[in-house]
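Spelled out from the first residue to the last, the chains are:
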Amino acid sequence: MFGLKHNECVGFESRWKVKKVSLVGSTQTTEYTKTDMDTNTSDKKDIEVQTESQASAPTCEVDEEKLAAWLKKIYPSVKKELDDNAHSRAFRGYKLSTDNSDANCRLVQTLDVSTHAKDAAVGCHVSALSWNSTNKTLGVAYTYKHNSWCYHEGVVVFYTLDNDDNLPEAPRMKLTTESCVADLRFHSVLPAIVAAGLFSGGIVVWNIQRDDEQIVAKVDGHGDGITQLSWIADINSVKLVLLASAGLDGLLSLWNFSPVEFGLSLKERHQIRSPLFPKPSELSSEEAVKKATRAITCFNFSVHSPEMFVVGTEGGWVVQCSLLGTKKLPGKSEETPVLDSVFKYHQPHKGEVNSISFSPNRKDMFMTSGSDLEIRIYLIEQEDPAQVIFLKSALNCVAWVPYEERIVCGCGKNGVIEIFQLVKGKAIEKTTRDKVKTEILTQIEINRTKSNIVAVGTENGHVQMWRVPWALFGNMAS
Amino acid sequence: MSNEVEETMKRIQSHKGVVGTIVVNSEGIPIKTTLDNTTTVQYAGLISSLADKARSVVRDLDPSNDLTFLRIRSKKHEIMVAPDKEFILIVVQSPTD
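Everything numeric in this text was worked out from a predicted model, so none of it was measured.

Contacts between chain B and chain A engage 34 residues on the former and 28 residues on the latter. Approximately 2900 Å² of surface area, both sides summed, lies buried where chain B meets chain A, with 67% of it carried by carbon and sulfur atoms. On the chain B side of the interface with chain A, the three residues burying the most area are His15(B), Arg73(B) and Phe87(B), jointly 18% of the side's total. Taken together, the connections running from chain B to chain A amount to 4 salt bridges. Of the charged contacts in the structure, one is a salt bridge between Arg71(B) and Glu81(A), with a shortest N-O distance of 2.3 Å. If you look at where chain B meets chain A, you find 10 residue pairs in polar contact (both at pLDDT 80 or more). Sorting the residues of the side of chain B that touches chain A by element identifies helix 1 (2-13), strand 1 (18-25), strand 2 (30-33), helix 2 (37-61), strand 3 (70-73), strand 4 (78-83) and strand 5 (87-93) of chain B as the ones contributing at least two each. Broken down by element, the side of chain B that touches chain A gets its largest block of residues, 6 residues, from helix 1 of chain B.

Here it is, written out as C-alpha cells:
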C-alpha cells in the first residue's frame, strides 16, 4: 500500500514574476550658476502735457511798395550813422564811473625775440619799440650789452597784430644793420616807413612793404651814437614830415625825408649847450657864462606848437628850445649851419635824464624822468617842476597815457607796469594780480588806436603784451 | 517789391557790427526782422513807446521841429531808431572797440 517514492523536484519559472535586468549608471548634473537680482516695482505717476500755442508775432497787412520806398529813402542816412559809429572814437576807453570791475593789468602774451639774434648767448635786451601809423605793426629793436664800441650786427623784427589783437609767433620781417639799434621809430603818417638810429651814429630808413631792398635811405647821421629819433611836423609846410635825430655828440639834426624820392637830406643842426655850473648867476651875460656841449639823451617836440621842443642832456639838464629865432653858432664852417636854439633852462635833475615827453592832453606840460629816481612834471612857463613823484626803484621808461590826464605809467626793475597818480604824486599799488616772472622792463609803448594794448620790452629779449584798463586806473586816481 | 525790402534789409545787416534789424509799423507790430521772435517782440514794443516819447519831447520843445534819429548807447550795444509816420526802423549795432 504505502510505498516510498521519491519524486524529483521540478521547478518552473514563475509566470508572474519578471526578472528585471538592470544596469547601474550614474549621472552628474552640470555646474550651474546662480545670480541674485532684485526687482522693484516702480511708482508710477500720471502727468498730462499740452503744447502751448506759440505767441506768434502779430502779423498785419503791409503795403510793400510804401515800405520799400521808405527804406530806400532812409537807407543813406542809416548807412552814414552805422559807418560813423563803426569808426567813431567818441566812446573809446569810456567806462561808466559806477562800473566797479576791477582795475587789473593782464599779461596776455610773451614773445622771445632774442631767438632771432645771432649771439643770443651774449644776452640782448629790447632797446626800442614802435607802433606804426596804423597801429597794427610793432617794430622791435634789441641791442647787446656794450662795454665800449659796438661790433655787433643790429637786428630789428616786425610783427603784425592778428584779428584777436595778439602778435604771431613768427615775425613778419627781420632786418639787420651794421651795428646795434639804439632807437626805432615808425613814420608818423606812412605806415611802412621806419627809421632806425644806430650806435655807430648812422641812420637807416626802411620800407617794410618791399620784399627786397628795403633800405630807402642811409646816412652817417652823427659822429657819435644816436640816442633818439622822432618824426616831426615841418613848421614850414603843412604836409611834410621831418626826421629829427639826437646823438651823444650833443647835436640835434633835422632831416628832410621825401616820400617820393625816398632819401634823407640834412636840413639843419642844432647844438644844445648847457651851462657848466648848475646855477648860472643872473648877472652874467651869455658870453660870460661858459657853456658846454653835452650829449643829448632824449628830446621831444610839442604836437601843439611844432616849433617848440624840449631836450634832456647829460648831467640832468632840461632845456626848452625853439626852432624859431635860432642863432647861428660862430666858428662852424660846414655846409649846413649849426644853430643855437636854446630858449630856457629848467631846473635840472640830479642824475641823467632818461626820457622827456610833452603831455598829449595839455599843451603846456611835459614830463621828465631821471636816474635820480624822480619823475618831474614841468610847465612851460615855470623853471621849477610843478610836481615831483619820488620813486622807490628806477624806471627805464615813462610814458603819458592817452586820454587820461590823471595818470602816467612807467616800467623798470619791478617787472610790472607801474602807474602813478599825477595829482597825489604817488604810485598806485598792485597794478596787476597776474603772477609775472620778474624781468627788468626796458621799454613801454602804448598802442595809439587801442590804448588798452601795451607792448613792453624786457632786459632778457622778451616782448610782453599787456592789456591795461587805463580808464579804471584813472578813476582810482581821482 | 518784397525783394527790394529784403535787399535793403540785407544791406543794412551787412554793415560792420550790426546785430539785427527790425521794421515796425506805427502800432508797434513788427513787420520785418532779422532777429528771433521773442527778441523782436520785445524790441518792437519797448522801442516804439520810447521813440514816441522822444518824438513828443522834441515836438513839445519846438513844434516846428521833429525827431529824425534816436540813438541809445549801452554797455553792450547801440540801438539806432529811424522813426517815420508809418514805420520805424530799429538797428542794433555792437561797437567794435
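Bringing the sheet that holds strand 31 (residues 453-458) of chain A into the picture now. Residue and element names in this part refer to chain A. Pairing in this open sheet of 4 strands is antiparallel, and the strands run 1-32-31-30 from one edge to the other. Of all the strands in the sheet, just strand 1 (106-112) and strand 30 (441-446) have a single pairing partner and so form its edges. Across the sheet, the mean angle from the axis of one strand to that of its neighbour is 20°, orientation sign disregarded. In this sheet, strand 32 (residues 462-467) lies alongside strand 31 in antiparallel orientation, the contact comprising 5 bridges. Bridge assignment links Ile453 to a residue of strand 32, and that residue is Arg467.

On to the pairing of strand 13 (residues 264-271) of chain A, then. All names here are of chain A. Sheet topology note: the strand 12 (residues 251-257)/strand 13 ladder contains 7 bridges and is antiparallel. By the bridge assignment, Trp255 is partnered in strand 13 with Leu266. Counting the residues between successive antiparallel strands, the hairpin from strand 12 to strand 13 contains 6 residues, one of them, Phe262, with a positive phi of roughly 55°.

Quick look at the side chain of Ser355(A) now. Residues and elements named next belong to chain A. Topologically, Ser355 is positioned in strand 22 (residues 353-358). Judged by relative accessible area, Ser355 falls into the buried class, the value being 12%. Among residues more than four places away in sequence, those in contact with Ser355 are Cys298, Met367, Thr368, Ser369 and Val398.

So, on to unusual backbone geometry. All names here are of chain A. Its identity as a non-glycine residue notwithstanding, Tyr403 has a phi of 65°, on the positive side. Among the structural elements, Tyr403 can be located in the loop between strand 26 (395-400) and strand 27 (407-412). Residues other than glycine seldom take positive phi values, yet Lys430 does so here, at roughly 50°. The topology assignment puts Lys430 in the loop between strand 29 (426-427) and strand 30.

We now examine the pairing of strand 28 (residues 417-421) of chain A. When a strand is regular, its side chains alternate between the sheet's two faces. Residues and elements named next belong to chain A. The element strand 28 is extensively covered by neighbouring structure, given that 5 of its 5 residues are classed as buried. With burial as the criterion, each face of strand 28 is covered, one bearing Ile417, Ile419 and Gln421 and the other bearing Glu418 and Phe420. Here strand 27 pairs with strand 28 via 5 bridges, running antiparallel. Within strand 28, the position partnered with Ile407 by the bridge is Gln421. In textbook terms, the turn of a hairpin is the stretch between consecutive antiparallel strands, and for strand 27 and strand 28 this stretch comprises 4 residues, one of which, Gly415, has a positive phi near 80°. As paired elements, strand 28 and strand 29 share 2 bridges and run antiparallel to each other.

Once that is clear, we can look at the nonpolar core. What tends to happen in soluble globular proteins is that the nonpolar side chains get buried as a cluster. All names here are of chain A. With 23 residues, the main nonpolar core has Ile417, Ile419, Ile444, Val454, Val468 and Trp470 as its most contacted residues. Of all elements in the fold, only strand 26, strand 27, strand 28, strand 30, strand 31 and helix 2 (470-477) reach the threshold of two or more residues within this core. Examining the composition of this core, we find that 4 residues originate from one element, helix 2, more than from any other. Those residues within four positions of Ile417 in sequence are excluded, and the remaining contacts are Cys409, Gly410, Thr431, Leu441, Ile444, Val454, Val456, Trp466, Val468 and Trp470.

The rules we used
- Here the residue numbering is sequential within each chain, running from 1 through the sequence in written order.
- Labels are handed out in written order, letters beginning with A for the chains and numbers beginning with 1 for the ligands.
- The model is predicted, so local features are restricted to residues of pLDDT at least 70 and side-chain atom pairs to those at 80 or more, both for listing and for counting; the totals for chains, interfaces and linings are taken over all residues.
- Note: side-chain values were computed over all heavy atoms of the structure, leaving out hydrogens and water.
- The criterion used for residue contact is that any of the two residues' heavy atoms lie within 4.5 Å.
- Two parts placed together each lose some accessible area under a 1.4 Å probe, and adding up what both lose gives the buried area.
- Salt bridge, as used here, is a side-chain nitrogen of Lys or Arg placed within 4 Å of a carboxyl oxygen of Asp or Glu.
- Any pair of nitrogen or oxygen atoms within 3.5 Å is treated as a polar contact; in protein, a donor-acceptor pairing is required on top of that, and neighbouring residues in sequence qualify only through side-chain atoms on both sides.
- Counting from the N terminus, the helices are the DSSP runs of H or I reaching at least four residues and the strands are the DSSP runs of E reaching at least two.
- Think of it this way: DSSP has to see at least two bridges between two strands before they count as a pair.
- Lines fitted to C-alpha atoms define the axes here, with helix axes fitted over just the stretch in contact, and angles between the N-to-C directions of these axes take values from 0 to 180 degrees.
- Exposure categories follow from relative accessible area, calculated using a 1.4 Å probe and restricted to protein chains: below 20% of the type maximum is buried, above 50% is exposed, and the middle band is partly exposed.
- Buried Ala, Val, Leu, Ile, Met, Phe, Trp, Tyr and Cys residues that are joined via side-chain atoms within 4.5 Å together make up what is termed a nonpolar core.

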